Amino acid sequence: PAVKAVGVEFFGLENFEIDAGNASNAIELGGFMKRSRLFDLKVKNFQENGLLGKGLAGVSRDFVVLENIEFKPNGSSANGMTFTNGTAPSGRVRIQGCRFIGPNNQGIHMEVGVNFFEIRECIFDRSNVGIQLGKGPLTWRNIIFTNNTFYQGKIGIAFGNMPTTQTSDLALHRNLFAGLSGPELVIQAEFDDKKFDRAIS
């Protein structure tokens with residue numbers, strides 16, 4: 001990756017254009033990153049992920065902040081951001097005002113269940129799936145999706161499987177879905193409306 005930071009505190013990156021040069025990932029972050037913030041970036045020419053978070057987590061009440069970042073991949077099979085397993089449990093991440101320029105595969109892909117995650121005021125443009133939450137039954141806690149726009153893609157938000165019964169405090173507020181060819185929100189396997197209603201706050 002062009003930028004890699006793992007387990008560092010007070011990490012900041014602002015007002016840069018990051019060209020991955022057709023590498024798999026443009027940015028890789030991981031571990032506990034106390035009071036870290038990426039702001040006002042343009043990320044382009046990546047093949048797989050604009051940002052790969054491997055067990056990325058904030059500390060205590062401090063969130064890792066990813067704000068006002070534009071992702072433009074080299075090819076429609078890439079993801080804007082992917083969050084996966086690492087040395088820390090994924091959580092306490094705030095994604096705000098980011099733009100995922102398509103066509104792309106998934107704007108944001110969460111491969112693992114997360115705790116305390118916010119996605120606010122983002123634009124998902126021509127994504128196969130705007131936000132993909134896992135493939136199997138995972139636990140999601142304290143998740144907020146608010147004021148996002150999903151434009152001319154296929155699916156807005158997709159849960160790969162019915163969330164576990166430990167899932168709680170899922171909040172979806174004032175999101176705009178425009179010109180999608182598929183559903184705005186879908187549970188792709190084992191849907192149970194009563195269980196899902198209990199998870200939604």
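Read on for an overview of the structure. (Residues numbered from 1 in each chain as written. Predicted model: local features only at pLDDT ≥ 70, side-chain atom pairs only at ≥ 80, totals over all residues. Heavy atoms only, no water.)

Concerning the overall build of the protein
What counts here: Per the convention used, a helix needs a DSSP run of H or I reaching at least four residues, while a strand needs a run of E reaching at least two, with both numbered from the N terminus. With the radius of gyration taken over C-alpha atoms, the globule rule is written as 2.2 Å times the number of residues to the power 0.38. Under the scheme applied here, a residue whose accessible area is under 20% of the maximum for its type counts as buried, over 50% as exposed, and between as partly exposed, the area being computed with a 1.4 Å probe on protein chains only. Any pair of residues with heavy atoms lying within 4.5 Å of one another is described as a contacting pair. Residue-level accessible areas treat just the shown protein chains as cover; the underlying method is Shrake-Rupley with a 1.4 Å probe. For the purpose of charge, His is not counted, nor are the chain termini; Lys and Arg are scored as positive and Asp and Glu as negative. Where a charge sits is defined by one atom per residue type, namely NZ (Lys), CZ (Arg), CG (Asp) or CD (Glu).
Secondary structure summary: the protein contains 1 helix and 20 strands in total. For a compact globule of 201 residues, the expected C-alpha radius of gyration is about 17 Å, and the protein comes in at 16 Å, within 12% of that figure. Dimensions of the protein along its principal axes, counting C-alpha atoms only, are 45 × 35 × 25 Å. A total of 201 residues make up the protein; the buried ones form 47% of that total. Residue pairs at least 24 apart in sequence account for 79% of intrachain contacts in the protein once pairs closer than 6 positions are excluded. Accessible surface, the protein as shown: approximately 9100 Å² in total, 45% of it carbon and sulfur. Positive and negative side-chain charges in the protein, numbering 21 and 20 respectively, have mean positions lying 2 Å apart.

Some remarks on the side chain of Thr82
What counts here: Two N or O atoms count as a polar contact when they lie within 3.5 Å, although within protein this holds only if one can serve as hydrogen donor and the other as acceptor, and sequence-adjacent residues are included solely when both atoms are side-chain atoms.
Tracing the backbone through its elements, the reader meets Thr82 in strand E8 (residues 79-84). Relative accessible area serves as the criterion here: at 3%, Thr82 is assigned to the buried category. Engagement of the side chain of Thr82 in a polar contact is seen with the side chain of Asn49, the distance being 2.5 Å. Apart from residues lying up to four places away in sequence, Thr82 is in contact with Asn49, Leu51, Leu52, Gly53, His109 and Glu111.

Points about unusual backbone geometry
Cis geometry is adopted by the peptide bond preceding Pro103, which originates at Gly102 and carries an omega value of 5°. Tracing the backbone through its elements, the reader meets Pro103 in the loop between strand E10 (99-100) and strand E11 (104-110). For Ser60, which is not glycine, the phi dihedral falls at a positive 55°. Structurally, Ser60 is set in the loop between strand E6 (49-57) and strand E7 (64-72). The phi torsion at Phe116 lies on the positive side, around 60°, for a residue other than glycine. Secondary-structure assignment places Phe116 in strand E12 (residues 115-120).

Some thoughts on the environment of Ile187
Considering the arrangement of structural elements, one finds Ile187 in strand E20 (residues 185-187). Owing to a relative accessible area of 13%, Ile187 belongs among the buried residues under this scheme. As for Ile187 and Thr84, which are separated by 103 residues in sequence, their C-alpha atoms are 20 Å apart. Residues contacting Ile187, with those up to four places away along its chain left out, are Phe159, Asn161, Met162 and Phe196.

Some words on the packing of aromatic side chains
In this description, a pair of aromatic rings is defined by centroid distance and the angle of the planes. Operational definition: Only rings of Phe, Tyr and Trp enter the pairing, Trp through its six-membered ring, and a pair is recorded when the two centres are within 6.5 Å. The plane angle decides the type: under 30 degrees is stacked, over 60 is edge-to-face, the rest tilted.
Under the defined criterion, the tally for this structure stands at 9 aromatic pairs. Between the aromatic rings of Phe46 and Phe71, the centroid separation amounts to 6.4 Å while the plane-to-plane angle is 80°, which identifies the pairing as edge-to-face. Taken together, the positions of Phe46 in the loop between strand E5 (37-44) and E6 and Phe71 in strand E7 put the pair 25 residues apart, joining distant regions of the chain. Residue Phe46 shares its accessibility class with Phe71, and that shared class is buried. An angle of 5° between the planes, with centres 4.8 Å apart, marks the rings of Phe124 and Phe150 as stacked. Note that Phe124 is positioned in strand E13 (residues 123-125) and Phe150 in strand E16 (residues 149-151), a separation of 26 residues in sequence.

Some words on the pattern of salt bridges
We apply this condition: Salt bridge criterion: a side-chain nitrogen from Lys or Arg within 4 Å of a carboxyl oxygen from Asp or Glu.
In total, this model carries 8 salt bridges according to the counting rule given. For Glu17, the salt bridge goes to Lys44, with nearest N and O atoms at 3.0 Å. Of this pair, Glu17 sits in strand E3 (residues 17-19) while Lys44 is found in strand E5, placing the two residues 27 residues apart along the sequence. The class of Glu17 is exposed, set by a relative accessible area of 52%. Salt-bridge contacts for Arg99 lead to Glu70; the nearest nitrogen and oxygen are separated by 3.6 Å. Highlighted residues: Arg99 in strand E10 and Glu70 in strand E7, separated in sequence by 29 residues. Residue class for Arg99 comes out partly exposed when judged on its relative accessible area of 22%. The network of salt bridges with shared partners includes Arg94, Glu118 and Arg120.

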